[in-house]
Amino acid sequence: MKLKYLEGLRGFAAFIVVIFHFLGSFYPSSIYGTLNNINTPAKSELLFVSTPLNVLYNGNFAVCIFFVLSGFVLSIKFFKTKDLSAVTESAIKRYFRLVIPAIFSVLIFYFCFRMFEKDEPNIYKALYEGFIGSFFTHTANYNVVLWTMSFEFMGSFIVFLFCALFGKSRNRIFFYFLFILLFWKTYYLGFVLGLLLCDFHYNNTSKLGVIENRLLKWALLIFALLLGSYPNQLEKMDNSIKLNDTIYAFFSKLEGADSFYHSIGAFIILLVVLNSSTLKTIFSSKFMNFIGEISFSMYLIHNAIIFYFSKNVFYYLLLERKIPYVWCFVFTISISIPIIIFISVIYAKLIDKKSVSFSNYMYRNFFKEEAKDSFIDLLHISVTLRKLIHKIKYNYKQIVIKFIISVIIVLISVFLFPNLYQDNSIKLELYAKMSKELDMQVYYTTKLAEFDERNSILQKVYSNENFQKIVIQLPVSYIERIRVDFGSYPGQIYLGPVMLIKSDTKRVINMIDNSQINQIENMGTTDEGIRLNSNSSDPYIVPVLKAGFGNNIGGNLSFVRIALGVLSFFILSLFAKVLIEFIRR
């Protein structure tokens, strides 16, 4: 049974994410603190982004609330019953529960890209992101909010693993401290803290986690909101105000502050809610529960509406009707929010709730230990293997036929729709050597626009005394501008040849002449290549790309995509009967 106030809190957090993305689209300075696109006469955006007022729309803080809630909710049944089968059941259902809403949201963006964007989307990349990438490799090129899905999925299994291994141990507090130390710099900290809070709440003999003093509750709530207001997006865009120039200068000294402060703040928020009858009443209200029920759907689809409806309405009013900027925003958000809620209700009913039913169906018919038709029993691996071998042995002809048919279908589609199987992506290839490990981040734009965190690739580069080859794949077929960031305080770096590659076409990039350089103290050429030195927090180079790169250059046929196509059709043919039975139910 769901706790209504937790459902309401989740809905409130999802709504904050929606507001965050609205402001990011129309008042970007309120998110990134940039000085070159302020849209209020009094520069109110800078006041909000640099003070605790930004807790009202801090999307990263809201996401951390999701993670703490997940750690709490996923462990409730175990801590109430101490039954490990509850953990096994939840673990088996988890992927089936999340994958259907994720893949449908990606497909929505895929079709929006086909209709409205210049770049030709790739259906196999979309399917990969929905089924695999968003869960295991942090891939979120179509639906950008799916960057959280891998944390949600893996974090869930951290919760399940802890419950299974240490949930019944009398000394499990030691393992809590161990997990906190292990994950303190990551978003997984939220799951561990939610798990810990659930344990205290349902197995609390020492009264830890119980707060009766009203003044202490207020103090904790204010402190949590202060932590939650940490502006983690500052200094991530060009011409941004500096974090050290705000009241958060002290907080910025801690590495990994983005996730740590927000996770601690989210943990305290939930702690206060659990001990406050007033907050429980507020978050248990009908409206908050309604928002909570559609929160997952709203989180997944709101950006599609903002990008392809709200922006069009806004710029029509601003440019065609000459309405003042602020009133364009007020009108746009006033009509967009009801539309988002309406479509979220439909999505929740047709997709999200069906995914719950589907996860239950899959568990009951294929994984549950006592199910007659089960082909997997996680508790008896040898039984599983024998059953699979038996099925393959007596059905191998059908399996081979299905595989051959899948190959034929894909080969025909290669001739009919070759673009589906072409790799049109661009690679940035460079040679570098450095004395310390750093996080290199490459930003790219497909038109003359500001660089955006959502259009960037982050890659860890290890120190090496010799030049090492670094290849970063950009998920677009054309780029207008590019920016190469060298992490924080990288010291001395040597750069060899830097080039962009698409298909068989290569272009060497001149990283010195006429390039825009930021926070690089010394830069020049040597016999080994380009030498640069920086002891600053945000050094980067924006080289000149005349006429962009990638336009009118065809891609190569990708055998990996052909293989994925065959595999997809083959798996679909194997489970076709299951899907048909489920749809008929």
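Rules of the game
Residues numbered from 1 in each chain as written. Predicted model: local features only at pLDDT ≥ 70, side-chain atom pairs only at ≥ 80, totals over all residues. Heavy atoms only, no water. Helix = DSSP H or I, 4+ residues; strand = E, 2+ residues; numbered from the N terminus. Rg over C-alpha atoms; globule rule 2.2 N^0.38 Å. Buried < 20%, exposed > 50% of the residue type's maximum accessible area, 1.4 Å probe, protein only. Contact = heavy atoms within 4.5 Å. Polar contact = N/O pair within 3.5 Å; in protein donor to acceptor, adjacent residues only side chain to side chain. Core = buried A, V, L, I, M, F, W, Y, C linked by side-chain atoms within 4.5 Å. Pairing = 2+ DSSP bridges. pLDDT = per-residue confidence, 0-100. Salt bridge = Lys/Arg side-chain N within 4 Å of Asp/Glu carboxyl O. Axes fitted to C-alpha atoms, helices over the stretch in contact; angles between N-to-C directions. Bend = angle between axes of the 7 residues up to and from the residue. Phe/Tyr/Trp six-rings, centres within 6.5 Å; stacked < 30°, edge-to-face > 60°. Lys NZ or Arg CZ within 6 Å of the ring centre and 35° of its normal.

Student: Tell me about the overall build of the protein chain, and please be specific about residues and values.
Tutor: A count of helices and strands for the protein chain gives 18 helices and 13 strands. Compactness check: the protein chain gives a C-alpha radius of gyration of 26 Å against a globular reference of 25 Å for 585 residues, within 12% of the reference. By its C-alpha atoms, the protein chain is 70 × 70 × 60 Å across when sized along the principal axes. Every one of the 585 residues in the protein chain was classed for burial, and the buried ones make up 51%. Partitioning the intrachain contacts of the protein chain with sequence separation of at least 6 by distance along the chain shows that 73% fall at a separation of at least 24.

Student: Quick one: what's the story with the side chain of His 262, residue by residue and with numbers?
Tutor: Relative to the assigned elements, His 262 resides in helix 11 (residues 257-274). Here His 262 falls in the buried class, since its relative accessible area comes to 0%. Looking at His 262, its side chain comes within polar contact range of the main-chain oxygen of Tyr 230, at 2.9 Å.

Student: Could you give an account of the nonpolar core, naming the residues involved and the relevant values?
Tutor: Grouped together as the largest cluster of nonpolar side chains are 139 residues, with contacts concentrated most on Phe 22, Phe 66, Phe 72, Met 149, Leu 270 and Leu 300. With 16 residues, the top contributor of residues to this core is helix 15 (residues 325-367). If we skip the residues at most four places from it in the chain, Leu 300 touches Pro 101, Ala 102, Ser 105, Phe 109, Asn 143, Val 145, Leu 146, Met 149 and Tyr 347. Listed in part, the 32 residues of the second largest apolar core include Ile 457, Ile 470, Ile 530 and Leu 532.

Student: Quick rundown of the pairing of strand 10 (residues 522-526)? Include the residues and the values.
Tutor: Where strand 10 meets strand 11 (residues 529-534), 5 bridges bridge the pair, whose relative direction is antiparallel. Note that in strand 11 the partner of Met 523 across the bridge is Leu 532. Hairpin connection of strand 10 to strand 11: 2 residues between the antiparallel strands.

Student: Can you lay out the environment of Ala 304 for me, pointing to particular residues and giving the numbers?
Tutor: With respect to the helices and strands, the residue Ala 304 is situated in helix 14 (residues 295-320). Since its relative accessible area comes to 10%, Ala 304 is described here as buried. When the C-alpha atoms of Ala 304 and Asp 423 are compared, they prove to be 25 Å apart, with 119 residues separating the residues in sequence. In contact with Ala 304, other than residues within four places in its own chain, are Ile 108, Phe 109 and Phe 309.

Student: Requested: an account of the confidence of the model for the protein chain, with residues and values cited.
Tutor: Residues with a pLDDT of 70 or more make up 91% of the protein chain, whose mean pLDDT is 86. Here residues 370-382 scores under 50 on pLDDT; set against residues more than four positions off or in separate chains, the count is 21 contacts.

Student: I'd like a description of the pattern of salt bridges, backed by residues and values.
Tutor: Counting across every chain of the model gives 8 salt bridges. Between Glu 89 and Lys 93 there is a salt bridge; the shortest N-O distance is 2.7 Å. With Glu 89 and Lys 93 both in helix 5 (residues 84-116) and 4 residues apart, the pair spans about one turn of that helix. With relative accessibility at 17%, the residue Lys 93 sits in the buried group. Residue Arg 94 pairs with Glu 152 through a salt bridge whose shortest N-O separation is 2.6 Å. Highlighted residues: Arg 94 in helix 5 and Glu 152 in helix 7 (residues 149-166), separated in sequence by 58 residues. Pair check on accessibility: Arg 94 and Glu 152 agree, each one buried. It is possible to trace a salt-bridge network through shared partners that takes in Glu 437, Asp 439 and Lys 460.

Student: Could you give me a rundown of the sheet that holds strand 3 (residues 438-445), with the residues and numbers involved?
Tutor: The antiparallel open sheet is built from 5 strands, whose spatial order is 4-3-6-12-9. Edge positions in the sheet fall to strand 4 (456-461) and strand 9 (516-518), since each has one partner strand and no second. On average, adjacent strands in this sheet sit at an angle of 15° to one another, irrespective of strand direction. Sheet topology places strand 9 next to strand 12 (residues 540-542); 3 bridges connect them, and they run antiparallel. Bridge assignment links Gln 516 to a residue of strand 12, and that residue is Val 542.

Student: Please give an account of helix 14 that cites residues and values.
Tutor: The largest bend in helix 14 comes to about 40°, at Ile 301. One or two residues past the end of helix 14 sits Lys 322, with phi positive at roughly 60°.

Student: Go over the packing of aromatic side chains, please, and point to the residues and values.
Tutor: For the structure shown, the criterion picks out 51 aromatic pairs. With 4.9 Å between their ring centres and 75° between their planes, Phe 314 and Tyr 325 make a pair best called edge-to-face. Pair noted here: Phe 314 is in helix 14 and Tyr 325 is in helix 15, with a separation of 11 residues, a long-range link. The two residues Phe 314 and Tyr 325 agree in class, both being buried. With a centroid separation of 5.5 Å and 90° between ring planes, the pair formed by Phe 403 and Phe 570 is classed as edge-to-face. Taken together, the residues span a long stretch of sequence, with Phe 403 in helix 16 (residues 381-416) and Phe 570 in helix 17 (residues 559-574) at a distance of 167 residues. Residue classification places Phe 570 among the buried residues on the basis of a relative accessible area of 14%. Here the guanidinium or amino end of Arg 483 rests over the ring plane of Tyr 443, the centre of that ring lying 4.3 Å away.

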